[in-house]
Amino acid sequence: MTLDFAVARVFAIGGTIRERAHLQFRAEAFNLANHPNFEQANATPNSPSVGKITATLIDNREIQLALKLIF
């Protein structure tokens, strides 16, 4: 299970009512807790890596920031 989180804030900028613009800032985090979900162990009986877990099912934590001008 992964924990994703996002937060956004909109700022009003500009002069007159007709030409009002907005600036939106977003911060998003994917797999916020950075909790690994492991794949199944190697089940090949004659393999030297039998019983070893060598990979995860999901990616590591990823954080992205965005700034958008709406006019």
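Just so you know, these numbers come straight off a predicted model, no measurement behind them.

Rules used throughout
- Residues numbered from 1 in each chain as written.
- Predicted model: local features only at pLDDT ≥ 70, side-chain atom pairs only at ≥ 80, totals over all residues.
- Heavy atoms only, no water.
- Helix = DSSP H or I, 4+ residues; strand = E, 2+ residues; numbered from the N terminus.
- Buried < 20%, exposed > 50% of the residue type's maximum accessible area, 1.4 Å probe, protein only.
- Contact = heavy atoms within 4.5 Å.
- Salt bridge = Lys/Arg side-chain N within 4 Å of Asp/Glu carboxyl O.
- Polar contact = N/O pair within 3.5 Å; in protein donor to acceptor, adjacent residues only side chain to side chain.

Asks: Got a sec to walk through the environment of V10? Specific residues and values, please.
Replies: Here V10 is to be found in strand β1 (residues 5–13). Residue class for V10 comes out partly exposed when judged on its relative accessible area of 47%. Through-space distance from the C-alpha of V10 to that of R26 is 8.8 Å; in sequence the pair is 16 residues apart. In contact with V10, other than residues within four places in its own chain, are H22, L23 and Q24.

Asks: I'd like a rundown of the pattern of salt bridges, residues and numbers included.
Replies: Under the definition given, this model contains one salt bridge. With a shortest N-O distance of 2.8 Å, E28 and R26 are connected by a salt bridge. We classify E28 as buried; its relative accessible area is 18%. R26 sits in the partly exposed class, given a relative accessible area of 28%.

Asks: So what's going on with the environment of E28? Which residues, and what values?
Replies: Along the chain, E28 turns up in strand β2 (residues 21–30). For the pair E28 and V50, spaced 22 residues apart in sequence, the C-alpha to C-alpha distance is 38 Å. Dropping the residues within four chain positions of it, E28 is found in contact with F5, A6, E62, I63 and Q64. A distance of 2.8 Å separates polar atoms of two side chains, one belonging to E28 and the other to R26.

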